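# Geometric and topological summary
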Amino acid sequence: MTGYRVSDVMTKQVVYLPAETTLDEAARVMKEADIGDVVVTDGASLAGMLTDRDIVVRAVAENSSPAATTIGSIVTREVVMIEQHCTAGEAAALMRERGIRRVLVCDTDRKLVGIVSLGDLAMQLDPTSALSEISEQSPTV
């Protein structure tokens, strides 16, 4: 990973959904876009990030109705960001320190430009690793 910048490995496709979106609609969007996360907005503001794991752990496990529960009610509101010119190693260290698998990527003006995941970093480090193979099969790593 030495020498790689976050901008080299991040996913540039960022999908935004309003906090009022229901869980079933968010899950459908994730499936159609083949992604494991969406950025949740509250009006013009960033409300947080929702992952497919959030839907399973926070909603399904608690028997919440996917058609009646909004993503705003389960969204992870603590957003961790990293600047796109940071190194991939710095992104990995930040994930390890915070115990997270995804970090939002911003430019120098703190404008959101992408998302970097543990899977993105694994693909760059060793495309033949088991983690990389899993990452290719599923966007949820």
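Here the structure is shown first, and the text comes after it.
A brief structural summary.

Calculation rules
- Residues numbered from 1 in each chain as written.
- Predicted model: local features only at pLDDT ≥ 70, side-chain atom pairs only at ≥ 80, totals over all residues.
- Heavy atoms only, no water.
- Helix = DSSP H or I, 4+ residues; strand = E, 2+ residues; numbered from the N terminus.
- Buried < 20%, exposed > 50% of the residue type's maximum accessible area, 1.4 Å probe, protein only.
- Contact = heavy atoms within 4.5 Å.
- Core = buried A, V, L, I, M, F, W, Y, C linked by side-chain atoms within 4.5 Å.

This paragraph deals with the environment of L50. Within the secondary structure, L50 sits in strand β3 (residues 45–51). Classification of L50 as buried rests on a relative accessible area of 0%. Residues L50 and R77 lie 27 residues apart in sequence; the distance between their C-alpha atoms is 8.8 Å. With residues up to four places along the chain from it excluded, the contact list for L50 reads A26, M30, G36, D37, V38, V40, I55, I71, I74 and V75.

As a further point, take the nonpolar core. Judged by nonpolar contacts, the single largest core of 17 residues is most densely connected at V38, V40, L50 and I71. For this core, the elements supplying multiple residues, two or more each, are α2 (23–33), β2 (37–42), β3 and α3 (52–60). Examining the composition of this core, we find that four residues originate from one element, α2, more than from any other. Ignoring sequence-local partners within four residues, the contact set of V38 consists of V15, L17, M30, G48, M49 and L50.

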